[in-house]
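Summary of the model geometry
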Amino acid sequence: MSSSHASTTPRRLPSLNMLRAFEAAARLASVTRAADELHVTQSAVSHQIKQLEAWLGVPLVTRDGRRLALTAQGAAYLPSLSTAFDLLAQATAGLERQAHRARLTVNALPTLTAQWLIPRLPRFCAQVPAVDVQLVTTAGVLDFDPAAFDVSLRCLSAAELAALQARPGWRGVAVGRFLPDAVTPVCSADWLARAGALAKPADLRRHTLLHSRSTPQLWRQWLALAGAGRMRPAGELVFDHAHLAVQAAAQGLGVALGSPQLVADVLASGLLVAPFADLLLHDKDFYWIRPERVADDAAALAFCAWLGDGGTTA
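What you see is a predicted model; the values in this text were computed from it and never measured.

1. Let's talk about the pattern of salt bridges
According to the stated counting rule, one finds nine salt bridges in the structure shown. Here Glu 23 ties to Arg 27 by a salt bridge, and the two come within 2.8 Å at their closest N and O atoms. Pair noted here: Glu 23 and Arg 27 are both in helix 2 (residues 16–28), with a separation of four residues, about one helical turn. On the basis of relative accessible area, Glu 23 is assigned to the buried category, the value being 7%. Judged by its relative accessible area of 40%, Arg 27 is partly exposed. In this structure, the salt-bridge partner of Asp 285 is Arg 177, at a minimum N-O distance of 3.1 Å. Within this pair, whereas Asp 285 is found in strand 10 (residues 281–290), its partner Arg 177 is found in strand 6 (residues 174–186), the two being separated by 108 residues in sequence. For Asp 285, a relative accessible area of 13% puts it in the buried group. The structure contains a network of salt bridges with shared partners spanning Glu 23, Arg 27 and Glu 37.

And the structure:
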């Protein structure tokens, strides 16, 4: 018989009350204790067991005064019945937990999400296990409604933040800085071995620079800061997002601009090196943005507090 056909066949089962009464009495070896567990009278338990025996057509228990013993049929029936009730209890408890779990919707930039948030998110989940985090990435930095998400994460200059807070719809919106956005060139050691050492910023003329369409002006700004604004590189590659450019750098495709804060783990592993670690372009910061509607939401408050701790607590 196929599984699809079996699933449509009605199950022939005695009533749940009969099964619960017998399983409890047999497991506890006492009608009295079963009655206490099920919050019914002893006579009700005995009556349900007798009905089950009549339904099955076999004796399940023997009675000797107050003592209850199982027949061979009852002893064979009990383990499967107890397992079935355990599975029902587990499924019910799981559904109840899911129904009462909090959901937190977080909107963040792709690079921050890929390089910093996802590697650290297990720490937050361990700290607040009853919260389900839903991540939504977006490339738009300024064009968004803060009320559309529980928490939004943005990289902003002081002027951009002030302009956002002056907009209609930002009344009661809470904002907090949690991470600096400072960038410096990063590349693989293998790339340096092939393309030549980087002793000074002007040496980048012998290298391929990896750009991001989301921040097209970043290399120009860093080179101006480093005093190499007129330098022309040997080659250029362009990617949609900054984290893709950094990933390409780790694969030995050239030199990208990366945040030491965001790629700290990769730098520590040696997959990336920062030849000009002290030359940092820093004119923006990462902020969490929390709308007024979640001002008292425990999950949103916990997440923002965790961000404020640098995403290090677990």
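2. A few points about the packing of helix 2 against helix 4 (residues 42–56)
Interhelical geometry of helix 2 versus helix 4 gives an angle of 110° and a closest axis separation of 8 Å. With respect to each other, helix 2 and helix 4 are oriented roughly perpendicular. Every pair of crossing elements has a handedness; the one defined by helix 2 and helix 4 is left-handed. Packed against helix 2, whose contacting residues are Asn 17, Met 18, Leu 19, Ala 21, Phe 22 and Ala 25, the element helix 4 presents Val 45, Gln 48, Ile 49, Gln 51, Leu 52 and Trp 55 at the interface. Taken together, the residues of the contact of helix 2 with helix 4 break down into nine nonpolar, three polar and no charged.

What counts, and where the lines are drawn
Residues numbered from 1 in each chain as written. Predicted model: local features only at pLDDT ≥ 70, side-chain atom pairs only at ≥ 80, totals over all residues. Heavy atoms only, no water. Salt bridge = Lys/Arg side-chain N within 4 Å of Asp/Glu carboxyl O. Helix = DSSP H or I, 4+ residues; strand = E, 2+ residues; numbered from the N terminus. Buried < 20%, exposed > 50% of the residue type's maximum accessible area, 1.4 Å probe, protein only. Axes fitted to C-alpha atoms, helices over the stretch in contact; angles between N-to-C directions. Parallel < 35°, antiparallel > 145°, perpendicular 65-115°, else oblique. Left-handed = near helix turned anticlockwise from the far one by under 90°. Contact = heavy atoms within 4.5 Å. Nonpolar A, V, L, I, M, F, W, Y, C, P; charged D, E, K, R; others polar.

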